[in-house]
Amino acid sequence: MIDLRSDTVTKPTAEMRQLMAEAIVGDDVYGEDPTINELESYAANLFGKEKALFMTSGTQGNIAAILTHTRPGQEVIMDDESHVFLYEGAGASAFGGIQPRALRHNRGQIPIDDLEKAIRGKDIHFPETALIWLENSHNRSGGSILPLSYVREVHELAKAYNIPVHVDGARIFNAAVGSNTSVKEYAQCADTVQFCLSKGLGAPVGSILVGNETFIAHARKKRKMLGGGLRQSGVIAAPGLHGLKTGIHRLAEDHEHAKMLAKAVEDFTPCEVIHPVETNIVLIDTKESGKSASEWLALLNEKGVLAVAFAPTIIRLTTHLDISKDDIQSVITILKKLDV
Ligand SMILES: *Cc1c(COP(=O)(O)O)cnc(C)c1O
């Protein structure tokens, strides 16, 4: 099977498994796991932030960030297709008691005017705006990249109102590589960033939350409350560290593969690629083929290709570390031969 469902499906490489077997470990709740400590300081340095904190998942990193930035009854401004709004089980509302203020967006960008209008004034009736949330790259927009200039504008606005900015950077490395921007430059425009080790970087487990020292100390406590205080977690940090050290530039290959797939879809099928492909995600509208997303999934599945449905007539293909150029060529050949 050529599995294009998500970049989370990668299996740890032999090298990663070797590093897991050999990882030097200790009890991380006591702060004594050397591999975790190395991963956290490497990540903090890479993002130009004071501290970093290992998280079991992106969802845990995001909720720990919300619990640390906000109090119950406050409002978080986000876009209405963000992962935190759609796909995290409303954990932020359930466990953090926050009210999401979900605004319309264009490829992950909430117009600055709308953003400013959504910031609450001091009226006694209003909730307080506690946080502005961005997602980069933007999953529901086909992995589109928030340009550094936009993120800067949001940060300037947020600073003027003294509101912190969090970036859900599950795929921030894809955004950085795809736009020739460093993650440090992106991180300079945010108070905190969450990024996944378990997506493009190919690690089996984990995410990281970066921020200043005080913030991360508080987030560490929230992580403990969420059940994320782990013991000899160096065994899962080791492949993450390897991914961070060796996996970032490789993402350009995934992007090239995604562009090849998009071109083949345009050339050989009646379907439409609905966002310019900037990173490793291709969103395909199947409407013009007269077939639904689920019919397309079945058709592809029969030929040995896995994808996911995003809407009744939209499917998503995602490229990743375990997809080779040969795999891409095979998918292109399959698309060419499909009689739709
Ligand atoms: C995958 C993802 C997450 C959550 O990460 P998990 O490790 O699956 O919990 C958060 N935000 C975005 C944009 C994602 O793509």
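Here, every reference points to the structure presented above.
Note that this is a predicted model, so its numbers are computed, not measured.

Explain the overall build of the chain here, please?
If you tally the helices and strands in the chain, you get 14 helices and 13 strands. Against the compact-globule benchmark of 20 Å for 340 residues, the chain has a radius of gyration of 20 Å, which places it among compact chains. Residue burial in the chain is summarised as follows: out of 340 residues, 56% are buried. Relative to all contacts within the chain whose residues are 6 or more apart in sequence, the contacts with residues 24 or more apart total 74%.

How do you make sense of the site of the ligand when you look at a structure like this?
As a matter of local geometry, the ligand sits amid S57, G58, T59, N62, H83, E88, E135, D168, A170, R171, C196 and K199. Within the side chain of T59, an N or O atom sits 2.6 Å from an oxygen atom of the ligand. Considering the ligand on its own, with 380 Å² of exposed area, one finds that the protein chains cover 85% of that surface. Top element by residues in the shell around the ligand is helix α3 (residues 58-69). It accounts for three residues.

In this structure, what is going on with the environment of A176? I would like to understand it.
Note that A176 resides in helix α8 (residues 172-179). Separated by 79 residues in sequence, A176 and H255 have C-alpha atoms that sit 12 Å apart.

Where do I start with the sheet that holds strand β2 (residues 51-55) in this structure?
The strand order β2-β8-β7-β6-β5-β3-β4 describes an open sheet built from seven strands, whose pairing is mixed. The sheet terminates laterally at β2 and β4 (99-103), the two strands that pair on one side only. Neighbouring strand axes in the sheet, compared pairwise and without regard to direction, differ in orientation by 20 degrees on average. As paired elements, strand β5 (residues 129-135) and strand β6 (residues 165-169) share four bridges and run parallel to each other. Counted as the bridge partner of I132 is V165 from β6. Against the sheet, helix α10 (residues 213-225) touches β2, β7 (192-196) and β8 (207-211), its axis set at about 20 degrees to β2.

Mind showing me how you'd approach the packing of α3 against α10 here?
Between two packed helices, both the angle of their axes relative to each other and the distance between the axes serve to describe the pair. The N-to-C vectors of α3 and α10 enclose an angle of 115 degrees; their axes lie 9 Å apart at closest approach. The element α3 and its partner α10 pack so that their crossing is right-handed. Contacts between α3 and α10 pair Q60, A64, A65, L67, T68 and H69 from the former with F215, H218, A219, K222 and R223 from the latter. Its residues assigned to classes, the contact of α3 with α10 shows five nonpolar, four polar and two charged.

Explain the packing of aromatic side chains here, please?
Centre distance and the angle of the planes are the two values used to describe a pair of aromatic rings. Inspection of the entire model under this criterion finds three aromatic pairs. Taking the centre distance of 5.7 Å and the plane angle of 75 degrees together, the rings of F47 and F173 count as edge-to-face. Here F47, found in helix α2 (residues 34-47), pairs with F173, found in helix α8; they are 126 residues apart in sequence, far enough to count as distant. Note on accessibility: F47 and F173 belong to one class, buried. Centre to centre, the rings of F47 and F195 are 4.5 Å apart; their planes meet at 5 degrees, and the pair counts as stacked. Of this pair, F47 sits in helix α2 while F195 sits in strand β7, and the two are 148 residues apart along the sequence. The residues F47 and F195 share a single accessibility class, namely buried. Through a chain of ring-to-ring contacts, the aromatic side chains of F47, F173 and F195 assemble into a single cluster.

Calculation rules
- Residues numbered from 1 in each chain as written.
- Predicted model: local features only at pLDDT ≥ 70, side-chain atom pairs only at ≥ 80, totals over all residues.
- Heavy atoms only, no water.
- Helix = DSSP H or I, 4+ residues; strand = E, 2+ residues; numbered from the N terminus.
- Rg over C-alpha atoms; globule rule 2.2 N^0.38 Å.
- Buried < 20%, exposed > 50% of the residue type's maximum accessible area, 1.4 Å probe, protein only.
- Contact = heavy atoms within 4.5 Å.
- Near = heavy atom within 4 Å.
- Polar contact = N/O pair within 3.5 Å; in protein donor to acceptor, adjacent residues only side chain to side chain.
- Areas by Shrake-Rupley, 256 points an atom, 1.4 Å probe, with all protein chains shown as cover.
- Pairing = 2+ DSSP bridges.
- Axes fitted to C-alpha atoms, helices over the stretch in contact; angles between N-to-C directions.
- Left-handed = near helix turned anticlockwise from the far one by under 90°.
- Nonpolar A, V, L, I, M, F, W, Y, C, P; charged D, E, K, R; others polar.
- Phe/Tyr/Trp six-rings, centres within 6.5 Å; stacked < 30°, edge-to-face > 60°.

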